[in-house]
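# Observations on chain architecture
The chain contents come next:
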Amino acid sequence: MVKQLFLSLFLLICAAVSAQDYTIRGFLHDASNGEPISDERVKLLRQDSTPVAVGYTNIAGFFSIPKLDVGAYILKVEKGKYERSFMNVEITPAKKIYDIGSWNLNLNTMQVRDIRVTGEAKAKRQQIGMSEVKMDKQTVEKIPMYGAESDVVGALSVTPGVVTTGDQGGQLYVRGGTPIQNKTLLDGMTIYNPFHSIGFYSIFETELVKSVDIYTGGFESKYGGRISSVMDITYRDGNRNKFGGKVSASPFMAKAVLEGPLGKRNQDGLAAGSYMFTAKHSLLDYTSKSLYPSINDGNGLPFNFTDLYGKVTFNGEGGSKFSAFGFNNRDSVNYSVADLNWNASGGGINFTLVPSSSPIFIRGHVNGSNYETTFQETSQEPRYSKIGGFDLGFDFTFFQKNESELNYGFNLSGFNTQFVTYNELARKIEANNFTTEIGTYVNYRLVTPRWVYQTGLRMQVYASLNTVSIEPRLGAKFNATDRLRFKFSGGRFSQNFTSASSDKDIVNLFNGLLSAPTNVQDEFVNEYQQVSTIKNGLQYAWHAIAGFEYDLNKFWNLNIEGYYKYFDQLSNINPNKLYADIAQFELIDDVFKKDFIIESGQSFGVDALLKYSKNRVFIWAVYSWGYNTRWDGFNAYFPVFDRRHNLNLVASYAFGEKKNTELNVRWNLGSGLPFTPTAGYYQLENFSEGLTTDYVTNNPNTIATMLGTFNSQRLPYYHRLDITVKHTITTKAKNNIELVAGITNAYNRNNIFYVNRITNQKIYQFPILPSIGMSYKF
């Protein structure tokens, strides 16, 4: 009797499980251009309109609603900027997965006021959202333009926890992390240097941006290879319906974007594929001498850059997709005291697979790129860095009930680095390495009515260094009320890349790239006087972040986070190197003969973001307080990016009945960054004749600097006001002409940019720069 009871119960459970083992899935696309629609809510109803479940589309426009019973249903899309649409579906026992394919939605032609993005509301309750800022093209364009051109760098500079070095150089420091510790991805490809020297512009084309996801700490296990932050940028596909593009010009640059369909068209009129091409080139070297004669002693702005990008995409039946892309970027700045040049090129393929008989969603990529930079100062030795590498990766997603997800994947990468620099004692430091890495991860998100849990584990294998890094990640969110949410995240992070920058520069221009050095000391004593054995120069960090979100009302949102990052192993160029690392000096301590040294550090602070968005008005207010220290084995010091206070205020207002005139304003205030003062100068004797050199009668012509206490002084406060006005004219053919007028540094603040230690020549950040521009979108 008992056996029969257990057998009946077992069969009942099996029947219940199998009864709810059916899935409805598909893709949402914009009918006007074929672009995938992300963050859109899809409702599943019974035939009597009773709600059953809800699904949300991801960045690829894909949604999946699992754990369903056999029966007849209705799919419904009813909110947002698309027309209300319905689709009848029927699940039969013969088919476990019901694939609707591509569902093309028409834009809502009715004017809708105060549309709230459903994806944002979903993220607040169903994703951790810790130290995460998501922006789309429209948000990026609300940041005041530089030289009448919008750019991603403007959005990054107003992100909580981000410190910039100013108008020129384009360096970003994120919650205690240096530029090399920030990972930048474009459609899955690592970009080694995303910013141009002018600092106003990145290599990215705003017109192509689909999403910009910024993670300033505690990011999930999908991301590896960096210990501070991640910026993940996704480009849209080309227009599958018709040929179009955009051309624009301003005193700062000229650019063009072209796109159109490729291949045969389907029954909805969309082509199977698309293409896009973009090119932009700076015009400052042609225009600045006449338009801005007061800059740089009348020599104009010596910046020059060119960006080229191309992409083709093909869409298969069932939602599978294949894309191939290539890019080339070039940059140079030629001051009288220093010259900087860099070039980057690369390409790759991305693909999406949706197996018909499996509930797994698959994304993959393979790519390769090269980056090379040189830096030459007056009376100084040139510095040089080059990196070339490849990356192959797969990501798998298994959708579960109530928006829970299981993600896992792996990637294989390899890169070759070459590097040459000099420390302040004029000792040459160079490295040449080839390194391979293997990364695997698993990440599970469980969504309950009140709690969201996210656990992950990443294993980073540094094969060339015989090292394996096990990196746990953890996150949680508690939805206390509909308006108040508490959250936490943390984990372990590691990276292979090291940047060697010279402390001779009060403001740094050159950032070389190299793999983790092995020419380091054998032991390291941290700030707590704990001794550790050092195998190599890999960098490691722990993150712990906690905060809360509060919706003051429908339009105001407040987010406050406190963070702590402990960098338990950092590698840096050795400023104390005096001797060659050879047998002759074997009794000399490693810290005086190794090319690189090990350091540790701590960063902690608080970031607050207040956001308002309603109809015509957009407000973005950010305040960050940070405290950063480093320990080099002898002393604690403030790194060059230690900015105690940072404030960013952004406001946007749309005028007119059609909202076709827009005013954008941004004001930034930052406390002074630390620098090492110059104590004096002396003639550097290189003892070219060894011990027989007569240093009394010899008269060397190389001037060296004597430095004061490291980073003991602060630069003045940095602040700047930028204003942009845009007006859009729509022609009868529905093409848009946009007129732009802007002022950068509206009240002409003198912010320091660069000081040459030898000549003491000062170069300031940009003065007041008025500009006008025009674009034509067709």
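Here's a quick rundown of the structure. These numbers come from a predicted model, not from an experiment.

The rules we used
Residues numbered from 1 in each chain as written. Predicted model: local features only at pLDDT ≥ 70, side-chain atom pairs only at ≥ 80, totals over all residues. Heavy atoms only, no water. Phe/Tyr/Trp six-rings, centres within 6.5 Å; stacked < 30°, edge-to-face > 60°. Helix = DSSP H or I, 4+ residues; strand = E, 2+ residues; numbered from the N terminus. Buried < 20%, exposed > 50% of the residue type's maximum accessible area, 1.4 Å probe, protein only. Lys NZ or Arg CZ within 6 Å of the ring centre and 35° of its normal. Salt bridge = Lys/Arg side-chain N within 4 Å of Asp/Glu carboxyl O. Arc of directions from axis to C-beta. Contact = heavy atoms within 4.5 Å.

## Notes on the packing of aromatic side chains
Per the stated rule, a full pass over the model turns up 35 aromatic pairs. Note on W342 and Y371: the rings are 5.7 Å apart at their centroids and 50° apart in plane angle, and the pair reads as tilted. With W342 in strand β20 (residues 338-353) and Y371 in strand β21 (residues 360-377), the pair connects residues that are 29 residues apart, well separated along the chain. Y371 matches W342 in its accessibility class, with the two residues each being buried. Plain terms: the ring middles of Y776 and F778 are 5.8 Å apart, the flat faces sit at 25° to each other, and that makes the pair stacked. Taken together, the aromatic side chains of F351, F394, F396, Y408 and F410 make up a single cluster linked through ring pairs. Over the aromatic face of Y22 sits the side chain of K96, whose NZ or CZ is 4.7 Å from the ring centroid. When the ring centre of F638 is taken as origin, the NZ or CZ atom of R714, which lies over that ring, is 5.2 Å away.

## Side note on the pattern of salt bridges
By the definition in use, this model includes 33 salt bridges. In this structure, the salt-bridge partner of E141 is K137, at a minimum N-O distance of 3.0 Å. K137 matches E141 in its accessibility class, with the two residues each being buried. Across the pair E471 and R473 runs a salt bridge, and its minimum N-O distance is 2.8 Å. By the burial criterion, E471 is buried, and R473 matches it. What emerges from the salt-bridge pattern is a single network uniting K124, R175, K477, R485, K487, E549, D551, E561 and D607.

## Some remarks on helix α5 (residues 284-291)
Three or four residues apart is the spacing at which side chains of an α-helix point the same way, because the helix has 3.6 residues per turn. Every buried residue of α5 is listed here: L284, T287 and S288. An end-on view of α5 places all buried positions within 105° of arc, on one side of the element. Among the exposed residues of α5, those pointing more than 90 degrees away from its buried face are Y286, K289 and S290. Buried-residue contacts for α5 involve β17 (271-282) and β18 (303-315).

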